[in-house]
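A closer look at the structure
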2 protein chains.
Amino acid sequence: MSRLVMKFGGTSVADLDRIFNVARHVKREAAAGHQVAVVVSAMAGRTNELVGWVQEMPKVSGSNAPIYDAREYDAVVASGEQVTAGLLAIALQSMGVEARSWQGWQIPLKTDGAHGAARIADVDGSDIISRMERGQVAVVAGFQGIGPDNRVATLGRGGSDTSAVALAAAVKADRCDIYTDVDGVYTTDPRMAPAARRLNKIAFEEMLEMASLGAKVLQVRSVELAMVHGVPTFVRSSFDDPDSIDSSEGASPVGTLICDEEEILEQQVVTGIAYAKDEAQISLRRVADKPGVAAAVFGPLAEAHVNVDMIVQNISEDGSVTDMTFTVPQSDLDKATKVLEGAKEQIGYEVIQSDGGLVKVSVVGIGMRSHAGVAASAFNALASKGINIRAITTSEIKISILIDEDYIELAVRTLHSVYGLDKD
Amino acid sequence: MSRLVMKFGGTSVADLDRIFNVARHVKREAAAGHQVAVVVSAMAGRTNELVGWVQEMPKVSGSNAPIYDAREYDAVVASGEQVTAGLLAIALQSMGVEARSWQGWQIPLKTDGAHGAARIADVDGSDIISRMERGQVAVVAGFQGIGPDNRVATLGRGGSDTSAVALAAAVKADRCDIYTDVDGVYTTDPRMAPAARRLNKIAFEEMLEMASLGAKVLQVRSVELAMVHGVPTFVRSSFDDPDSIDSSEGASPVGTLICDEEEILEQQVVTGIAYAKDEAQISLRRVADKPGVAAAVFGPLAEAHVNVDMIVQNISEDGSVTDMTFTVPQSDLDKATKVLEGAKEQIGYEVIQSDGGLVKVSVVGIGMRSHAGVAASAFNALASKGINIRAITTSEIKISILIDEDYIELAVRTLHSVYGLDKD
């Protein structure tokens, strides 16, 4: 017998038929003797509708500043998960599975006070554990908790993954199953490279790089949390026939297990190729090469909430002026340019240049730590295809390369192939 | 300066424009210097949608018994009011009015454990009072509270009126304003008798009879609660232009005040004519006239949740057998008949007869207590129009008469006229 947390997203609970399908998945696990908690999102489209109302309301009221109180946003938007949780509990009950729904404040799942994008502070799993031990399935409204002000706080979009992992940690679950619209994590996006194949296992650190780089299977925060608490997290499909799956102890369902690297016996050098679209590049030409100039550039951008990613700064030849290049999301390009133009005197650059329509392609793998030449292979492979590299950044387990968007498929396929990731 | 509770129903908050309109009403009262709490229902149609899902879910799950856990019903359905409260708080804030939303469990508004139709046990008004005193408008999700099991409990359909009155009692409000789609309580339904006129005041006891007899302006329970706690309750229109209304101290807005009878200076003998459609009559012929027979008839009906209303039993001529006649809602007629047929031996009647398509017309007025001949006037007036009376029941302030549905308009108009209620 295992203790499981199962998580289903908005597409998997989009209507009553799909909620029933989720209930069948849950019933299968309960029938196999496992203790089960389920975390659900709002029915697909519902959160967007609620968020739309919240954003529209100040305009309807004739306000010039279309802002809204994040605490009220939370009160409105969290209602979507509450509905799904109640309906799933009803579905389970009518299938003979004992179940009850839980809202964030009932558990309680405590958060900090950052309404709209709260972080989980503490989850009290005791009540749910004792009910799971008595055979009751806990159906938990994802995405929400209760803040220090005793008001509903949401975890930010996609927060239900994080809810699920935090709950799994709190109830000491053996595994957190994330049911989604794909059957696992792939070596790269199959739409980019048809030769992509599903990974049976991936290390937390690798998944973190894959997730933050655009493999949108899992929220980055949920992977961080899973890594910190060592929660084995299993990505699997919610569209498989619930009754065709073997859930008995020791069975190997289809999916990808995100786990400690120690548990991955045959570690590849490179695990996957990720990419992020809609990047823009800004270059400041002939910036004075002196201490404090980086702060002068990135301070104002941070204040304007511009998310700066890859930063490249060369040492200047004569020690007086240099060029500074970095990337921002395409959607922030205008804002970033205005901020930098406004700070031109403080920074002291001569010309500002920018380019949009770029993508970042990344090679990810824990094996890189102990293997030399991984970066060189990437550069050679891209060069052989005539793909121009605009910037490079590296970390211990990742190499990121900025290129023109036109070359994205070619670059991903080339890298996927050069590291031996193509299907057998 | 007064302390006010304002209540708006589903039609008044059906979309963002109407919520904005409600915010204008609230802003007007706050700007006039009053301390304000607002109770809101779910946006029109939303509760029906949620209830529909709850009822449909067990069928989708393939259950033969389409029942559902009332606690889960509550968790799902209460979300509608939560959304409206948050949106109204946002609307108020964007109009410069300080406001925050409250869900039932946050106040807390404590109920008993009868999920789906809970009764209010206790409302803690302290937190809301201290915030009202600091100038913050409390926007309260109606229809909901928290049960002894720490789960959301709803008060039954239309429960937001009850929420509002209970909150008014808890915060010691000077008045509870019920904004609705009519501008007050009328002497009778204007669709029945065009001569009907709006009452400026009506006593709690009278309103209770009017409400329970079919004048659907206010929930019966909310009137009971207002009477018990002595909350002056003012029924008024939500469709008036918010800015055309004078809310200063001592102003007399359009509407009907439900209050203690002592506060009504010129008490009429008869205040109004109410009616209830879709009644059915059951007669048991030649029932043994002995102690315990009434219990034998009405015990099984109560067990089957059949709501018996008017009961007429004559003393038999020879003391051996009698006829027993009573009314039930038309929708319960089949069930009631089956129950009585099943209990034929225990009761010991000879024949069961029933008629549907009946209505109950009632004459209501506190003045009846001290005036003789009120009932006789009604019987004479109906007789003069050739309307056959099928049954009569009376209370201290009410005479109810059962007639064929065909005569409803004629009966209502005749009685309305005979008691001098027609417009001047």
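Residues numbered from 1 in each chain as written. Chains lettered and ligands numbered in written order. Predicted model: local features only at pLDDT ≥ 70, side-chain atom pairs only at ≥ 80, totals over all residues. Heavy atoms only, no water.

Along the backbone of chain A there are 13 helices and 18 strands. For a compact globule of 424 residues, the expected C-alpha radius of gyration is about 22 Å, and chain A comes in at 24 Å, within 12% of that figure. Considering only contacts within chain A whose residues lie at least 6 apart along the sequence, 77% involve residues at least 24 apart. For chain A, the accessible area works out to roughly 17,200 Å², and carbon and sulfur atoms hold 47% of it. Of note, chain A has its 39 positive side-chain charges centred 3 Å away from the centre of its 57 negative side-chain charges. (Helix = DSSP H or I, 4+ residues; strand = E, 2+ residues; numbered from the N terminus. Rg over C-alpha atoms; globule rule 2.2 N^0.38 Å. Contact = heavy atoms within 4.5 Å. Areas by Shrake-Rupley, 256 points an atom, 1.4 Å probe, with all protein chains shown as cover. Lys, Arg positive; Asp, Glu negative; His and termini not counted. Charge placed at Lys NZ, Arg CZ, Asp CG, Glu CD.)

Here chain A sits on chain B after a turn of 180° about the axis and a move of 0.0 Å along it, with an RMSD of 0.1 Å. What we have between these two chains is a two-fold relation. Considering only C-alpha atoms, the part of chain A nearest the rotation axis is Ser79 of chain A, at 2.7 Å. Residue by residue, 100% of the interface of chain A is reproduced at the interface of chain B, so both copies engage with the same surface. (Least-squares fit on C-alpha atoms with pLDDT ≥ 70 in both.)

Residues and elements named next belong to chain A. Considered domain by domain, chain A is made up of domain 1 (3-262) and domain 2 (272-418). Summarising the inter-unit geometry, the C-alpha centres of domain 1 and domain 2 are found 33 Å apart. Facing the 18 residues of domain 1 at the interface are 20 residues of domain 2. A buried area of about 1,500 Å², summed over both sides, lies between domain 1 and domain 2, and 64% of it is on carbon and sulfur atoms. Taken together, the connections running from domain 1 to domain 2 amount to 2 salt bridges. Residues Lys398 and Glu209 are paired through a salt bridge, measuring 3.6 Å at the closest nitrogen-oxygen approach. If you look at where domain 1 meets domain 2, you find 7 residue pairs in polar contact (both at pLDDT 80 or more). Examining the composition of the side of domain 1 that touches domain 2, we find that 4 residues originate from one element, helix 7 (residues 204-212), more than from any other. Residue classes in the side of domain 1 that touches domain 2 are distributed as 8 nonpolar, 3 polar and 7 charged. (Domains from an automatic or database assignment. Buried area = accessible area lost by both parts, 1.4 Å probe. Salt bridge = Lys/Arg side-chain N within 4 Å of Asp/Glu carboxyl O. Polar contact = N/O pair within 3.5 Å; in protein donor to acceptor, adjacent residues only side chain to side chain. Nonpolar A, V, L, I, M, F, W, Y, C, P; charged D, E, K, R; others polar.)

Let us now look at helix 9 (residues 293-303) of chain B. All names here are of chain B. For helix 9, the set of buried residues is Val293, Val297, Phe298 and Leu301. Projected onto a plane normal to the axis of helix 9, the buried residues spread over an arc of 100° and lie on a single side. Relative to its buried face, helix 9 has exposed residues pointing more than 90 degrees away, namely Ala295 and Glu303. Summarising the contacts, the buried residues of helix 9 are in contact with strand 13 (272-288), strand 14 (311-313), strand 15 (321-329), helix 10 (333-342) and helix 11 (344-347). Of the residues flanking the end of helix 9, it is His305, one or two places downstream, whose phi is positive at about 60°. (Buried < 20%, exposed > 50% of the residue type's maximum accessible area, 1.4 Å probe, protein only. Arc of directions from axis to C-beta.)

All names here are of chain B. Counting buried residues along strand 13, 12 of its 17 residues qualify, which places the element largely inside the surrounding structure. Sheet analysis places strand 13 next to strand 16 (residues 351-364), joined by 11 bridges and oriented antiparallel. Bridging from a neighbouring strand, Leu284 pairs with Ile352 of strand 16. Taken together, the 8 bridges between strand 13 and strand 15 define a ladder with antiparallel strand orientation. Bridging across to strand 15, Gln281 finds its partner in Thr327. (Pairing = 2+ DSSP bridges.)

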